[in-house]
Amino acid sequence: WRVAGGGIGSGGEETGSAAASGAAMATDADRAGHIVVTEFENLTTDPSLDPLGRLAASWVERSLTQAAVAQVIPLQQQGGEEVELVRTASPADVADRFGAELVVTGEYYRRGEELEVVAHILYPAEDRTLYDLQGALGDPQDPMEAFDIVGQQVVGAVATHYHL
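This structure is a prediction, so every number in the text was calculated from the model and none was measured. (Residues numbered from 1 in each chain as written. Predicted model: local features only at pLDDT ≥ 70, side-chain atom pairs only at ≥ 80, totals over all residues. Heavy atoms only, no water.)

## Examining helix 2 (residues 51–67)
Side chains of residues three or four places apart in an α-helix project in the same direction, reflecting 3.6 residues per turn.
Alright, step 1. Taking 1.5 Å as the rise per residue, helix 2 with 17 residues should run 24 Å; its terminal C-alpha atoms sit 25 Å apart, in good agreement.
Alright, step 2. Of the positions making up helix 2, those classed as buried are Leu52, Gly53, Ala56, Ala57, Val60, Glu61, Ser63 and Leu64.
Alright, step 3. Looking at the buried residues of helix 2, the elements they touch are strand 1 (34–37), strand 3 (71–73), strand 4 (102–111), strand 5 (114–123) and helix 5 (144–161). (Helix = DSSP H or I, 4+ residues; strand = E, 2+ residues; numbered from the N terminus. Expected span 1.5 Å × (residues − 1). Buried < 20%, exposed > 50% of the residue type's maximum accessible area, 1.4 Å probe, protein only. Contact = heavy atoms within 4.5 Å.)

This is the structure we're talking about:
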């Protein structure tokens, strides 16, 4: 997927694998309010930062669960085969596999000495991005503050989407 640029609520268009490529495993009614958070992608050149992708996703899941703005499907508790599927599949395929309405993706990269963490909220049924979030900067050795900010951005955007 190519994520269009913009800030929160930009509504940029997505390109990528369409949901029509396979039969849906859940109806739209079953998916309503369900969200899955994928592992954030490491766009730094430092493989020692790879584990931060799973940590960022877990932190966003935690923020969503605590705020109770959506039913979170916890991918972090899935087995190795499921995690590999999420790493290689399109957001539409992930949504189909786990019965989610929304998919949160993200990435992190270096900005000088800091780590920039960014999240996107996708609506695979319509093959589009609902929100490209502003993101946050943090220390690569202690990124929890940045993860917390991104988690709160995701909560706010999901709450807005569901008119909460």
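## Regarding unusual backbone geometry
Alright, step 1. The phi torsion at Ala68 lies on the positive side, around 55°, for a residue other than glycine.
Alright, step 2. Mapped onto the secondary structure, Ala68 falls in the loop between helix 2 and strand 3.
Alright, step 3. Of note, Asp127 is a non-glycine position whose phi angle comes to about 55°, a positive value.
Alright, step 4. Within the secondary structure layout, Asp127 lies in the loop between strand 5 and strand 6 (128–132).
Alright, step 5. Exposure remark for Asp127: the relative accessible area of 19% places this residue in the buried category.

## Concerning the nonpolar core
Alright, step 1. Formed by 33 residues in total, the largest nonpolar core has its most connected members in Phe40, Leu64, Ile121, Val154 and Val158.
Alright, step 2. The leading source of residues in this core is helix 5, at eight residues. (Core = buried A, V, L, I, M, F, W, Y, C linked by side-chain atoms within 4.5 Å.)

## Remarks on the confidence of the model for the protein chain
Alright, step 1. A residue-level look at the protein chain finds 75% of positions with pLDDT of 70 or above and a mean pLDDT of 81.
Alright, step 2. Across residues 1–25 the pLDDT falls below 50, and counting only partners more than four positions away or on other chains, this stretch makes 58 contacts in the model. (pLDDT = per-residue confidence, 0-100.)

## With respect to the pattern of salt bridges
Alright, step 1. Counting across every chain of the model gives four salt bridges.
Alright, step 2. Between Glu39 and Arg54 there is a salt bridge, with the nearest N and O atoms lying 3.8 Å from each other. Taken as a pair, Glu39 in the loop between strand 1 and strand 2 (41–42) and Arg54 in helix 2 lie far apart in primary sequence, 15 residues in all.
Alright, step 3. Across the pair Arg111 and Glu116 runs a salt bridge whose closest N-O atoms are separated by 2.4 Å. (Salt bridge = Lys/Arg side-chain N within 4 Å of Asp/Glu carboxyl O.)

## So, the packing of aromatic side chains
Alright, step 1. A complete count under the given rule lists zero aromatic pairs for this structure.
Alright, step 2. In this structure, Arg62 is placed above the aromatic ring of Trp59, and the distance from its NZ or CZ to the ring centre is 4.2 Å.
Alright, step 3. Residue placement shows Arg97 over the ring face of Phe98; its charged tip is 5.3 Å from the ring centre. (Phe/Tyr/Trp six-rings, centres within 6.5 Å; stacked < 30°, edge-to-face > 60°. Lys NZ or Arg CZ within 6 Å of the ring centre and 35° of its normal.)

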